[in-house]
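Analysis of the macromolecular model
Next come the chains, spelled out residue by residue.
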Amino acid sequence: MVASIRTEKDPLIRVEILRALGRYPSPAADVILKAALSDADIHVRVAACEAWGKRGDAAAVQLLSDALRGDVDADVRLAAAKALGESKNAAAVPPLGEALADSDPAMQYRAVLSLKQVTGRTWATT
């Protein structure tokens, strides 16, 4: 799978490969999942966020935080915020807190839900 994703042109197949790789943590899978966060296809980047959210470790939180702050697509940013919540890692709180100030109400709402997942506390936007 690791070798095939590098040459696969169909984004739907790349998404399915990422979903499978996300279930089997390994250094090779991590390299592919990290690269997928920069894929040209939005659906591939969303799938990469979902896979990293299941990992929940410090590297996953850092990569998801970078996607939350820097991706140009709102759907990818929302997927990153959701995955940060699913990580249940306390290190996700600062980037999710920043997302509360986003101008997009959908992002604010997602940040509130994700913060609740991580902290167990109820949050409100201002």
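Attention here is on the structure that accompanies the text. (Residues numbered from 1 in each chain as written. Predicted model: local features only at pLDDT ≥ 70, side-chain atom pairs only at ≥ 80, totals over all residues. Heavy atoms only, no water.)

Considering helix H6 (residues 74-87)
The terminal C-alpha atoms of H6, which comprises 14 residues, lie 20 Å apart, in line with the 20 Å expected from a rise of 1.5 Å per residue. For H6, every residue scored as buried is listed here: Val76, Arg77, Ala79, Ala80, Ala81, Ala83, Leu84, Gly85 and Ser87. Those residues of H6 hidden inside the fold are in contact with helix H4 (42-55), helix H5 (58-70), helix H7 (93-99) and helix H8 (105-119). Between the side-chain oxygen of the N-cap and the backbone nitrogen of aspartate 75 there are 2.8 Å, and the N-cap of H6 in question is aspartate 73. Phi turns positive one or two residues past the end of H6, at lysine 88, with a value near 55°. (Helix = DSSP H or I, 4+ residues; strand = E, 2+ residues; numbered from the N terminus. Expected span 1.5 Å × (residues − 1). Buried < 20%, exposed > 50% of the residue type's maximum accessible area, 1.4 Å probe, protein only. Contact = heavy atoms within 4.5 Å. Polar contact = N/O pair within 3.5 Å; in protein donor to acceptor, adjacent residues only side chain to side chain.)

Some details on the environment of alanine 67
Of note, alanine 67 is situated in helix H5. Here the alpha-carbon distance between alanine 67 and aspartate 104, two residues 37 residues apart in the chain, equals 16 Å. Dropping the residues within four chain positions of it, alanine 67 is found in contact with Cys49, Arg77 and Ala80.

Structural notes on the packing of H4 against H5
Packing of H4 against H5 brings their axes to within 9 Å, and their N-to-C directions diverge by 145°. Handedness of the H4/H5 crossing: left-handed. Residues Cys49, Trp52, Gly53 and Arg55 of H4 lie in contact with H5, whose contacting residues are Ala60, Leu63, Leu64 and Ala67. For the contact of H4 with H5, the residue count by class is six nonpolar, one polar and one charged. (Axes fitted to C-alpha atoms, helices over the stretch in contact; angles between N-to-C directions. Left-handed = near helix turned anticlockwise from the far one by under 90°. Nonpolar A, V, L, I, M, F, W, Y, C, P; charged D, E, K, R; others polar.)

Focus on the packing of aromatic side chains
All told, the structure shown has zero aromatic pairs when counted by the stated rule. When the ring centre of tryptophan 52 is taken as origin, the NZ or CZ atom of arginine 55, which lies over that ring, is 5.4 Å away. (Phe/Tyr/Trp six-rings, centres within 6.5 Å; stacked < 30°, edge-to-face > 60°. Lys NZ or Arg CZ within 6 Å of the ring centre and 35° of its normal.)

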